[in-house]
Amino acid sequence: MAGRGRGAEEGEGTTAGVSERLLFVDMLPADAAPVSLPEPRPAKEILPPDGGGFRPASPTATITRLRRQLGRVSWPAFHRSIGNAATTELDRGIGFLLVPVFLAAGVIFYFSLNAEPDLYRPLAAVALMAVCALVSRSRPRTHLLFMAAFFCALGFLAAKVETWRAATPMLGSEIQTRLTGRLVSLEEMENGRVRLTIDVISTAHPKLRYAPERVRLSARKVPADMTAGSLLTGYARLLQPTGPVRPDSYDFSFDSYFSGIGASGFFLGNPKTIASEEAPATARLASAIEKARESIADHIRGLVGGPEGEIAAALIVGVRAGIPDEINEAMRRTGIYHIISISGLHMALVAGTIMLLLRGAFALFPDFASRRPVKKYAAAAALVSIAAYLVFSGIVVAAERSFIMLAVMLVAVLFDRAALTMRNLAISAIAVILVSPHEVVGPSFQMSFAATAALVGAYAGWSDYRADRTTAPPPKRSFLHFASRKLVMGMGGLAMTSIIAGSATALFAIWHFQRVSPLSLLANLAVMPIVSVVMFLGVASALTMPFGLDWPFLYLMGKGLTAMIAISGWISERSPVDAVGLISIQSVLFVTIALVIATMATTWLRLAAIPFALAGLLTVSNTRTPDVLISEDAHLVAMPIGGGELAVNRARSNEFTTDNWKRALVAETIVEPETFETGDARFDIDPLDLPPGSPFYCRDGLCLARHPSGAIVALAENRKTARPACAFADLIVIDDATAYSPCWNSLALVVTKRQLARSGSAAVFFDPQSATAQATIRYAVEKPYRPWHEQRKYSREARGLPPYQRPEKPVVKLAPSAQ
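Residues numbered from 1 in each chain as written. Predicted model: local features only at pLDDT ≥ 70, side-chain atom pairs only at ≥ 80, totals over all residues. Heavy atoms only, no water.

Caption draft 1: Highlighting a nonpolar patch on the surface. A contiguous nonpolar patch, built from Trp 75, Phe 78, Ile 82, Trp 604, Leu 607, Ile 610, Leu 614 and Leu 617 and spanning about 810 Å² of accessible area, is present on the exposed surface. Counting residues per element, the ones that place at least two in the nonpolar patch are helix H3 (75-91) and helix H22 (609-618). Given the relative accessible area of 32%, Phe 78 is considered partly exposed. (Patch = residues over 30% accessible without salt bridge, like charges linked within 9 Å, V, L, I, M, F, W, Y side chains within 5 Å. Areas by Shrake-Rupley, 256 points an atom, 1.4 Å probe, with all protein chains shown as cover. Salt bridge = Lys/Arg side-chain N within 4 Å of Asp/Glu carboxyl O. Helix = DSSP H or I, 4+ residues; strand = E, 2+ residues; numbered from the N terminus. Buried < 20%, exposed > 50% of the residue type's maximum accessible area, 1.4 Å probe, protein only.)

Caption draft 2: Expanded view of the nonpolar core. The biggest cluster of nonpolar side chains holds 89 residues, and the ones touching the most others in it are Ile 311 and Met 557. If we skip the residues at most four places from it in the chain, Ile 311 touches Ile 323, Ile 327, Ile 340, Leu 561, Met 564 and Ile 565. The next biggest cluster of nonpolar side chains, apart from the first, holds 24 residues, and it includes Met 639, Cys 698, Cys 703 and Leu 749. (Core = buried A, V, L, I, M, F, W, Y, C linked by side-chain atoms within 4.5 Å. Contact = heavy atoms within 4.5 Å.)

Caption draft 3: Just the packing of aromatic side chains, in detail. Enumeration according to the criterion identifies 19 aromatic pairs in this entry. When the ring of Phe 111 is compared with that of Phe 258, the centres are 6.0 Å apart and the planes differ by 85°; the resulting orientation is edge-to-face. Remark: Phe 258 occurs in helix H8 (residues 252-259) and Phe 111 occurs in helix H5 (residues 99-111); sequence separation between them is 147 residues. A residue is classified by how much of its surface remains accessible, and Phe 258, at 14% relative accessible area, is buried. Seen in terms of ring centroids, Phe 258 and Trp 788 are 5.9 Å apart; in terms of plane orientation they differ by 45°. Their pairing is tilted. (Phe/Tyr/Trp six-rings, centres within 6.5 Å; stacked < 30°, edge-to-face > 60°.)

Caption draft 4: Local environment of the sheet that holds strand S16 (residues 749-752). An order of S11-S12-S13-S14-S15-S16 is seen for the six strands of this open sheet, with the pairing classed as mixed. What marks the edges here is a single partner per strand, and that holds for strand S11 (674-675) and S16. As judged from the four bridges shared by strand S12 (residues 694-699) and strand S13 (residues 702-706), these two strands associate in the antiparallel manner. From the neighbouring strand, Ser 694 faces S13, where its bridge partner is Arg 706. (Pairing = 2+ DSSP bridges.)

Caption draft 5: Fine view of a positive patch on the surface. A cluster of basic residues, Arg 466, Arg 477, Arg 485 and Lys 486, forms a positive patch at the surface. Locating Lys 486 in the fold gives a position in helix H18 (residues 479-513). For Lys 486, a relative accessible area of 44% translates into the label partly exposed. (Lys, Arg positive; Asp, Glu negative; His and termini not counted. Charge placed at Lys NZ, Arg CZ, Asp CG, Glu CD.)

Caption draft 6: The state of the cysteines, seen in detail. Inspection of the entire model under this criterion finds two disulfides. Disulfide partner of Cys 698: Cys 703, at an S-S distance of 2.0 Å. Because the sign of the S-S torsion sets the handedness, a value of about 110° for the bond joining Cys 698 and Cys 703 places this disulfide among the right-handed ones. The exposure class assigned to Cys 698 is buried, which follows from its relative accessible area of 7%. What makes Cys 703 buried here is its relative accessible area of 10%. (Disulfide = S-S within 2.5 Å.)

Caption draft 7: Representation of helix H21 (residues 585-600) within the structure. For H21, with 16 residues, the first-to-last C-alpha span of 23 Å sits near the 22 Å given by 1.5 Å per residue. Taken as a whole, H21 has its buried residues at Ser 587, Val 588, Val 591, Ala 594, Leu 595, Thr 599 and Met 600. (Expected span 1.5 Å × (residues − 1).)

Caption draft 8: Focus on the packing of helix H19 (residues 520-544) against helix H20 (residues 551-573). At a minimum axis separation of 9 Å, H19 and H20 run at an interaxial angle of 160°. Considering their axes alone, H19 and H20 lie roughly antiparallel with respect to each other. With respect to the hand of their crossing, H19 and H20 are arranged in left-handed fashion. Together, Leu 522, Ala 523, Ala 526, Val 527, Ile 530, Val 531, Val 534, Leu 537, Gly 538, Ala 540, Ser 541 and Thr 544 of H19 and Phe 553, Leu 554, Leu 556, Met 557, Gly 560, Leu 561, Ala 563, Met 564, Ile 567 and Ile 571 of H20 make up the contact between the two elements. (Axes fitted to C-alpha atoms, helices over the stretch in contact; angles between N-to-C directions. Parallel < 35°, antiparallel > 145°, perpendicular 65-115°, else oblique. Left-handed = near helix turned anticlockwise from the far one by under 90°.)

Caption draft 9: Spotlight on the pairing of strand S2 (residues 194-204). Bridge analysis of strand S1 (residues 175-188) against S2 gives ten bridges, and the strand direction is antiparallel. Looking at the pairing, Arg 182 lines up with Asp 199 of S2. Between the antiparallel neighbours S1 and S2 lie five residues, among them Gly 192 with a positive phi of about 95°. Looking at chain direction, S2 and strand S3 (residues 214-219) are connected through six bridges and run antiparallel. Its bridge partner lying in S3, Arg 195 is registered against Ser 218.

Caption draft 10: Region of interest: the sheet that holds strand S17 (residues 762-765). Read across the open sheet, the six strands follow the order S10-S9-S8-S7-S17-S18; overall the sheet is mixed. Two strands bound the open sheet, and with one partner strand each, they are strand S10 (669-671) and strand S18 (776-779). Put simply, the sheet's adjacent strands are angled 25° from each other on average, direction ignored. Strand direction decides the pairing type here: strand S7 (residues 628-630) and S17, joined by three bridges, are antiparallel. Each bridged residue has a counterpart across the sheet, and for Ile 630 the counterpart in S17 is Ala 762.

Caption draft 11: Inspection of H18 at higher detail. A bend of about 45° at Thr 505 is the largest found in H18. Residues of H18 that are buried in the fold lie against helix H17 (443-468), H19 and H21. In the stretch just after H18, Gln 514 is the one whose phi turns positive, near 55°. (Bend = angle between axes of the 7 residues up to and from the residue.)

Caption draft 12: Here's a closer look at the side chain of Ser 795. Mapped onto the fold, Ser 795 is located in the segment after S18. Among the residues examined, Ser 795 registers a relative accessible area of 4% and is labelled buried. Looking at Ser 795, its side chain comes within polar contact range of the main-chain oxygen of Arg 792, at 3.2 Å. When neighbours within four sequence positions are excluded, Ser 795 is seen to be in contact with Gly 172, Ser 173, Gln 240 and Ala 757. (Polar contact = N/O pair within 3.5 Å; in protein donor to acceptor, adjacent residues only side chain to side chain.)

Caption draft 13: Focus on the pairing of S1. Burial of S1 is extensive: ten of the 14 residues sit out of reach of the surface. When S1 meets strand S4 (residues 231-239), the two strands line up antiparallel, connected through eight bridges. Bridge assignment links Gln 176 to a residue of S4, and that residue is Arg 237.

Caption draft 14: Summary view of unusual backbone geometry. Here the amide bond leading from His 205 into Pro 206 is cis, since omega sits at 0°, within 30 degrees of zero. Relative to the elements of secondary structure, Pro 206 occurs in the loop between S2 and S3. Omega for the peptide link from Lys 783 to Pro 784 comes to 5°, which places this bond in the cis form. Considering the arrangement of structural elements, one finds Pro 784 in the segment after S18. Backbone geometry at Ala 167 places phi at a positive 45°, although glycine is not the residue there. Here Ala 167 lies in the loop between helix H7 (140-166) and S1. Here Ala 167 falls in the partly exposed class, since its relative accessible area comes to 48%. Located in the positive-phi region is Gln 514, a residue other than glycine, with phi close to 55°. Structurally, Gln 514 can be placed in the loop between H18 and H19. Take Gln 514: its relative accessible area is 1%, and that puts it in the buried class.

What follows is the structure, encoded as structure tokens:
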């Protein structure tokens, strides 16, 4: 952003930075009277009478002076001050910085709707707001309001157009079929299986009338000659995209819809390659790139080996499926998992390394460097390098967004503009929002832009603070003192970077993942210097790989990654529990508004961020934790029973779901059910005698548990086994799509598999103040369905049908004479 000297940068051949604030200084009119300067006076007349230097005012005196001034401020004067500050902000370009904010607001409003709107409504709104903005140009305040509304409507329209353009065919129900398709990508996973992304060409036995266009399947083993672009066939079980594991959590159907993935599943046998046919030009190009990625990843794994080789492959070509789960979890607990995902950090390190190498090479030829804009040459080479890095990393969303941001900054260098500014950040945000609006509601977009905006704003404020200070040149010191001072300043800068970025993204991480990393500052201080060296070695290995000279760099890269793994594991073992539970969406919205004001305002109006930040902190706990969580397939029910324990109804439960529920409910351990055989006398107890906080006890298709509030929870296999629970249970879950409520005139809340198939996972809340009130329930998916949930109504469970069973082939018995 202009103003406040954001991103002042030294140009070619200059010795001092120039603040962008000078670009927005009001120009004097041509007929203005000349300014009379005061006559200079000797220094002794300026100094205080006692001959001493100027002394800074004490904090007490400053606070007293501010109180006196505030006491004399009247409301009209305060109103004029607000107007003057707002005018200054507009002159400094805050209007352009707010464009992505209003675009994002329109996108969020679209995705928060309960029903899908028609296309003509946002089109009409954009046209109407554009006309109103043009008509109201003579009235500045009204014009600004219409412009804000215009960009909100434009963001809404962009999200609607993306949804209409995606139109991903989604599988409605689980089914087994023979699938033939073209391999898009292949990844070896840590558990030994192989994950394949396949463009579907045909299906058979049975032939699907509404087959998905792209699926993601796993296999135990694939042929050695299978590479990207190969035609393959195999018998597979296809599963429909799943919804959130609980209300307000990550929606896998949403991600699959915008990723073009219409189904997931696994091969029942090993897939086989078949004779290849001519593919379209785009498919051949994508296959060639994917083959190059696979070969580079295999080369890196072969030279480095072990988990270090998997991480090195993830850092260079973005293939990270083979990283062991324990290493992933250790990095998540220590707050350094962002190192694995190719994003702004990696792009910046690659661009910085290329620019550093080229500037150093140009410095060897001083005559050429003095006559040519070598900085622009280095920036152009860095731009080409990060573009290649984007392609070979798989063009994931985080890398794509980071590339846009860095590309804008490097292009700014090519045109002699400041690179690290809020204006360039706003340009990259606008590009990302218009290209991929659905990313706005995801954690990657929110956390990366929040961290970057906070860092740029803090850097700008520090630059202004240093520019306003008048300091004498430092005295000459020894080399050891100089080096130690630089080291301390570097570590201090790294610590402040981690603190600023961590503070800006903390609430977003809690909202999306229900976890924080208490020791992230220590981990980042210890690991980031190693990562910088590792990325430098990675760039060097990529440059020397075509000549076969990359092995020394990869060897050293592996040693650095070994140190990083050891440090993250050591800190993870000493890190306290990172689960923090649920927070309110109001808190996230208040903190977002505070962050926008604090990073974009340049006048005293930035103080307006304080009440929003306080409101965000005060409303953090303004949410209610569910008493019971139910999975969308009705197989799994969980209930907190106190003491950090979470009771579940199955001994072998889905690990991902239970981990998510543990973080949301702030539970540390899982309490498995106790199963009794038929006729076991230990189960013959009155359910009303179960003490509060009892885990699940199961027998004959019925599981019973008691919530700490006293409510009894029953889980039944079918309607028949559920009928006895109507007399005492407060909540009955029936794992049968064909069943309906067996209870008449009962206060029990009955949830069937069919309801869950239609509306997704559920959260149940008991009323501890009332023994007669029925429990309340909230589902993850609301009706009418949005496009990424339309497939739910076609599943067999949603239609009240039993699971599909293939008819058995009739056994033909031969006559004795035929034998």
